[in-house]
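The primary structure of each chain is shown beneath.
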Amino acid sequence: MKLPLYMDYNATTPVDPRVVETMVPYFCEIFGNASSSNHKFGWEAQEAVSKARKQVADLIGARASEIIFTSGSTESNNISVKSVAEVYSEKGNHIITCLTEHKAILETCEYLESRGFNVTYLNTDETGLIDLNELAESFTDKTILVSLMTGNNEIGTIQPIEEIGNLCKERGVIFHSDATQSVGKIPLNVDTTGIDLMSISAHKFYGPKGIGALYVRSKNPRVKITRQTHGGSQEKGMRSGTLNVPGIVGLGKACEISTEEMDTEMKRQIKFRDKMIDEFLKMENVHLNGHRTNRLPNNVNLSFAYTDSESILAEMKDIAVSTGSACTSASLSPSHVLTAIGRNNELARSAIRISFGRFTTEEEIDYTIRRVTETVEQIRQQSQIYKMAKDGLI
Ligand SMILES: *Cc1c(COP(=O)(O)O)cnc(C)c1O
């Protein structure tokens, strides 16, 4: 076992060596510009891009023509929300999303609010699930978009996507889902879920960083998006810029591997997840953040009362875990997701996210359980408040 252990797969994953191997020829040998249509160098690159487009589409039950390559989910989220706001502004100016979404959605929505759009931010219950009745009641005749993520990056909770899709369908409202943490990990089909726009990022499932995709439904309904980047008309004009051919090839291969290995890998990780959760919940004053079963296979998030996550990390340098989400760890305010599910400051500040994946072994899971348990106990031993609570003084 090599230390430090990487237990932060929800932040990013190592690239699968099979993905790297597939990408390598596209740097020095097959280096053409996929837009060069008058020579072999361009044709070869174009062919590789077409193959990858099909691999991405196959993973989510889409058509290749419905996939647009982007730089990742931040961009796919931005294109989705801004495009729908722009194209459908004649129909209305109301957007529905949720307080536990990724910042790439929340900040885009705040930006649109500053431009005159109305946004409803749904609450969740304490497990992070939205209330379908609250969603149903939030629609108005001005609603043009519902944007709700599939699996949450911090607490792992998986929303009832099919039911959300149905509610949107019944009302003719476009449904975008940030599926960044779910694609390649759990079965996800654009037709059974009714997702019209889906954000995908390669580096969350063993592909390279800086490449991703946006699925755009072409039938029932045909969803229209607008260019947010102007230029050379790549990707049907919807996302200009020379294609990142090696990245696209890597994303395609990552999708192909996930398509083949998802079933076994999902079961293996759920076993790890449940073992970890069961073991930690045997300790006193430990709270699971997120839903117990409607949960990403590779995510564990717990609050250890009478500790704080910064101290746990400082004492446990042999394991890389996260406090809140990677994107907010630079700021000291508690995670917006933990706040949204009703965790008070103390519990939000004692939360750790442990996330693992394809290259994690059972030995590493056991090591993590042991080290986190030891560290929490050690910190509690030194805590006056813990002592007083134990003695019934507070
Ligand atoms: C990582 C992540 C993003 C951002 O994706 P990038 O490809 O890194 O821009 C967006 N949403 C969720 C849920 C994520 O986990």
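Just so we're clear, the structure is a prediction, and the values are computed from it rather than from any experiment. (Residues numbered from 1 in each chain as written. Predicted model: local features only at pLDDT ≥ 70, side-chain atom pairs only at ≥ 80, totals over all residues. Heavy atoms only, no water.)

Another point: the side chain of Thr368. Locating Thr368 in the fold gives a position in helix α13 (residues 362–381). Classification of Thr368 by relative accessible area gives buried; the value is 0%. Ignoring anything within four residues of it in the chain, the contact list for Thr368 reads Leu5, Met7, Met276, Phe280, Ile319 and Ile354. (Helix = DSSP H or I, 4+ residues; strand = E, 2+ residues; numbered from the N terminus. Buried < 20%, exposed > 50% of the residue type's maximum accessible area, 1.4 Å probe, protein only. Contact = heavy atoms within 4.5 Å.)

Here we take up the domain arrangement of the chain. Examined at the domain level, the chain breaks down into domain 1 (5–12 + 262–390) and domain 2 (17–257). One C-alpha centre belongs to domain 1, the other to domain 2, and the line joining them spans 29 Å. Contact residues are listed per partner, giving 31 residues for domain 1 and 34 residues for domain 2. Summed over both partners, the interface of domain 1 with domain 2 comes to about 2,700 Å²; 59% of that surface belongs to carbon and sulfur atoms. Per-residue buried area on domain 1 facing domain 2 is highest for Met262, Leu296 and Arg358; these three make up 24% of the total on that side. Inspection of the domain 1/domain 2 interface yields 0 salt bridges. Run the count over domain 1 and domain 2 and you get 14 residue pairs in polar contact (both at pLDDT 80 or more). Every element with two or more residues in the side of domain 1 that touches domain 2 is listed here: α9 (245–281), β10 (299–304) and α11 (336–340). Tallied by class, the residues present in the side of domain 1 that touches domain 2 amount to 12 nonpolar, 16 polar and 3 charged. (Domains from an automatic or database assignment. Buried area = accessible area lost by both parts, 1.4 Å probe. Salt bridge = Lys/Arg side-chain N within 4 Å of Asp/Glu carboxyl O. Polar contact = N/O pair within 3.5 Å; in protein donor to acceptor, adjacent residues only side chain to side chain. Nonpolar A, V, L, I, M, F, W, Y, C, P; charged D, E, K, R; others polar.)

Let us now look at the pattern of salt bridges. All told, the structure shown has 23 salt bridges when counted by the stated rule. A salt bridge links Asp16 to Arg358, with the nearest nitrogen and oxygen atoms 2.8 Å apart. With Asp16 in the loop between β1 (5–6) and α1 (17–23) and Arg358 in the loop between β12 (351–355) and α13, the pair connects residues that are 342 residues apart, well separated along the chain. Note on Asp16: relative accessible area 2%, which makes it buried. Of the charged contacts, one joins Lys275 and Glu362 as a salt bridge, the two residues approaching to 2.9 Å between their closest N and O atoms. Of this pair, Lys275 sits in helix α9 while Glu362 is found in helix α13, placing the two residues 87 residues apart along the sequence. Glu362 gets classed as partly exposed once you look at its relative accessible area, which sits at 32%. Among the charged side chains, a network of salt bridges with common partners joins Asp16, Arg18, Glu261 and Arg358.

Next up on the list: the environment of Phe41. When you line up the elements, Phe41 lands in helix α3 (residues 40–60). Residue classification places Phe41 among the partly exposed residues on the basis of a relative accessible area of 44%. With 45 residues separating them in the primary sequence, Phe41 and Glu86 have C-alpha atoms 37 Å apart.

Another aspect to go through is the site of the ligand. Residues in contact with the ligand, as listed here, are Gly72, Ser73, Thr74, His102, Met149, Asn153, Asp178, Thr180, Gln181, Ser201, His203 and Lys204. A distance of 2.8 Å separates an oxygen atom of the ligand from a polar atom in the side chain of Gln181. Within the contact set of the ligand, an oxygen atom lies 2.6 Å away from a side-chain nitrogen or oxygen of Ser201. Its residues placed into classes, the shell around the ligand shows 1 nonpolar, 9 polar and 2 charged. (Near = heavy atom within 4 Å.)

What follows is about the sheet that holds strand β8 (residues 212–216). Taken in spatial order, the 7 strands of this open sheet run β2-β8-β7-β6-β5-β3-β4, and their pairing is mixed. What marks the edges here is a single partner per strand, and that holds for β2 (67–70) and β4 (118–122). Shown here is a sheet whose adjacent strand axes are inclined to one another by a mean of 20 degrees, direction ignored. Bridge count between strand β7 (residues 197–201) and β8: 5 bridges; the pairing is antiparallel. When the bridges of β8 are listed, Ser201 appears paired with Gly212. Its contacts with the sheet place α3 against β2, β7 and β8, and it is angled at close to 110 degrees to β2. Of the strands in this sheet, β2, β3 (94–98), β5 (143–147), β6 (174–178), β7 and β8 touch helix α4 (residues 73–87), which is tilted by about 160 degrees from β7. (Pairing = 2+ DSSP bridges. Axes fitted to C-alpha atoms, helices over the stretch in contact; angles between N-to-C directions.)

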